[in-house]
Structures are given as structure tokens and as C-alpha cells.
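Residue-level structure breakdown
Chain residues, written in single-letter form:
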Amino acid sequence: MKVYHGSNIEVAKPDIIHSRKKVDFGQGFYITPIKEQAEKWCRQYIQRNKQGIVSVYDFNEEAYDKYHSIRFESYSEEWLDFVFECRRGQDKSNYEIVAGGVANDKVFDTVELYFEGIISKKDAIGRLAFEKPNYQICLRSQKAIDEYLVFEGRYLL
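For the structure given in this document, a descriptive report is provided here. (Residues numbered from 1 in each chain as written. Predicted model: local features only at pLDDT ≥ 70, side-chain atom pairs only at ≥ 80, totals over all residues. Heavy atoms only, no water.)

1. Overview of the pattern of salt bridges
Once the charged atoms of two side chains with opposite charge are near each other, the side chains can pair. Using the criterion set out here, one finds six salt bridges in the structure. Close ionic contact of Glu-10 with Arg-154 constitutes a salt bridge, the shortest N to O distance being 2.9 Å. Of the two residues, Glu-10 is situated in the loop between strand S1 (2-7) and strand S2 (29-31) and Arg-154 in strand S7 (residues 149-156); the sequence distance between them amounts to 144 residues. Notably, a salt bridge pairs Glu-147 with Lys-66, separated by 2.7 Å at the nearest N-O pair. Of the two residues, Glu-147 is situated in helix H6 (residues 142-148) and Lys-66 in helix H2 (residues 63-66); the sequence distance between them amounts to 81 residues. The exposure class assigned to Lys-66 is partly exposed, which follows from its relative accessible area of 48%. (Salt bridge = Lys/Arg side-chain N within 4 Å of Asp/Glu carboxyl O. Helix = DSSP H or I, 4+ residues; strand = E, 2+ residues; numbered from the N terminus. Buried < 20%, exposed > 50% of the residue type's maximum accessible area, 1.4 Å probe, protein only.)

Shown next as C-alpha cells:
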């Protein structure tokens, strides 16, 4: 599967060491099969007068079978709980690959209201049911990156 990573630099040799810890699916290398989504991630760098570079890869989906993984097919209580734990830096799972919806701008507002205790989990899931999920894959294992992700090139925005 062709996947993309939006950044301000080319990432020919991805690693998890340089990634942030308290994000949607925890520390790892994030990719998406949605080209427009990676380009949107790049625009945040362009707005700060940096380059926007999309790195392109081939991701072998057999990795899901070889490594301990979870795929969230929709915004759900399970997804919300997982993102909550990861964003708090309290994820205790041993998943090596996590895939599912992005807590993007529209979704983030609802997630934050839940995190702050302003709305219930039930209300949050109800609101998220109307959002079409973007999709991200977080490779949380360097071995999975090295074995199943092949750099194909990059392009500037």
C-alpha cells in the first residue's frame, strides 16, 4: 500500500526516536494512505515559513499479521480510551502497530471536551459518529519500520 508522511524534511530512514510521545497513538512513526491528509500536515510547516515535504513509502500490510497490532475501524469508545491514554502519556499497551482515525481539528474539539470532563464519553462518541475519520498508521516498532516500510521518494508542496 502506498502511504505518505507529511513533514518539513525528507524522511528516507524513519525512526521512532525522533517522534513525540503524547500524541494520538503514542510514540511512533506516523503515516497515512491518504495523500491529501499528509499534504495537510505539511501545510502547518509552510505556515511557519518552512518547507512542506511529503515522503512516500510502500507499506507491506503483512506487518499487521507479524506484529502485535490494533486497527480502529471507526471512532469508538475503545478508540477514545486509547487516544486518551496515549495523549496523557499513560499508554501501557504493547501494540507495535496502531491504525485508525485521526483526532484532527474537528474531532479534537470533541475529544478535548471529553478529556476535560465537560461532556461524557457517550456524548463524545455521539458527536464523533458524524465525523468521517481520516486515517493514520502509527508504527511503534523500529523493526516493523525497517522490515515493512520502503522509502520511494518525496515531493515538495
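Read on, since the account is not over.
2. A few points about the sheet that holds strand S6 (residues 136-139)
The four strands lie next to each other as S2-S6-S5-S4, forming an open sheet whose pairing is mixed. The open sheet terminates on both sides in strands that have one partner only, identified here as S2 and strand S4 (69-71). Averaged over all pairs of adjacent strands, the angle between strand axes in this sheet comes to 10°, irrespective of strand direction. The pairing of strand S5 (residues 97-100) with S6 spans four bridges and is antiparallel. Across the sheet, the residue bridging to Val-98 is Cys-138, located in S6. (Pairing = 2+ DSSP bridges. Axes fitted to C-alpha atoms, helices over the stretch in contact; angles between N-to-C directions.)

3. Section: the packing of helix H3 (residues 77-87) against helix H5 (residues 121-128)
Look at H3 against H5: their axes get within 10 Å of each other, and the N-to-C directions meet at 110°. Judged on the interaxial angle alone, H5 and H3 are roughly perpendicular. Here H3 runs over H5; the crossing is right-handed. Contacts between H3 and H5 involve Glu-77, Trp-79, Leu-80 and Asp-81 on the former and, on the latter, Lys-121, Ala-124, Ile-125 and Leu-128. Among the residues forming the contact of H3 with H5, the class breakdown is five nonpolar, no polar and three charged. (Parallel < 35°, antiparallel > 145°, perpendicular 65-115°, else oblique. Left-handed = near helix turned anticlockwise from the far one by under 90°. Contact = heavy atoms within 4.5 Å. Nonpolar A, V, L, I, M, F, W, Y, C, P; charged D, E, K, R; others polar.)

4. Quick notes on H3
Taken as a whole, H3 has its buried residues at Trp-79, Leu-80, Phe-82, Val-83, Cys-86 and Arg-87. Angularly, the buried residues of H3 cover 165° about the axis, an arc narrow enough to put them on a single face. Downstream of H3 by a residue or two, Gly-89 has a phi angle that is positive, lying close to 75°. (Arc of directions from axis to C-beta.)

5. Points about the nonpolar core
For soluble globular proteins, the rule of thumb is that nonpolar side chains tend to be buried together. Judged by nonpolar contacts, the single largest core of 22 residues is most densely connected at Phe-25, Phe-72, Trp-79, Leu-80 and Val-107. Those elements that place two or more of their residues in this core are H3, helix H4 (105-115) and H5. A total of five residues in this core trace back to one element, the largest contributor, which is H3. Those residues in contact with Leu-80, other than ones at most four positions away along the chain, are Val-111, Tyr-114, Phe-115, Lys-121, Ala-124 and Ile-125. Within the second largest apolar cluster, 18 residues are counted, among which are Phe-29, Tyr-57, Phe-59 and Tyr-148. (Core = buried A, V, L, I, M, F, W, Y, C linked by side-chain atoms within 4.5 Å.)

6. Here's the deal with the side chain of Glu-39
The topology assignment puts Glu-39 in helix H1 (residues 35-46). Among buried charged residues, Glu-39 stands out as having no salt bridge; its nearest opposite-charge side chain is Arg-43, 4.3 Å away. Among residues more than four places away in sequence, those in contact with Glu-39 are Val-54, Tyr-155 and Leu-157. (Lys, Arg positive; Asp, Glu negative; His and termini not counted.)

7. Things to note about the environment of Ile-70
Within the fold, Ile-70 resides in strand S4. Owing to a relative accessible area of 12%, Ile-70 belongs among the buried residues under this scheme. Leaving out residues up to four positions away in the same chain, Ile-70 has contacts with Glu-78, Tyr-95, Ile-97, Val-98 and Ala-99.

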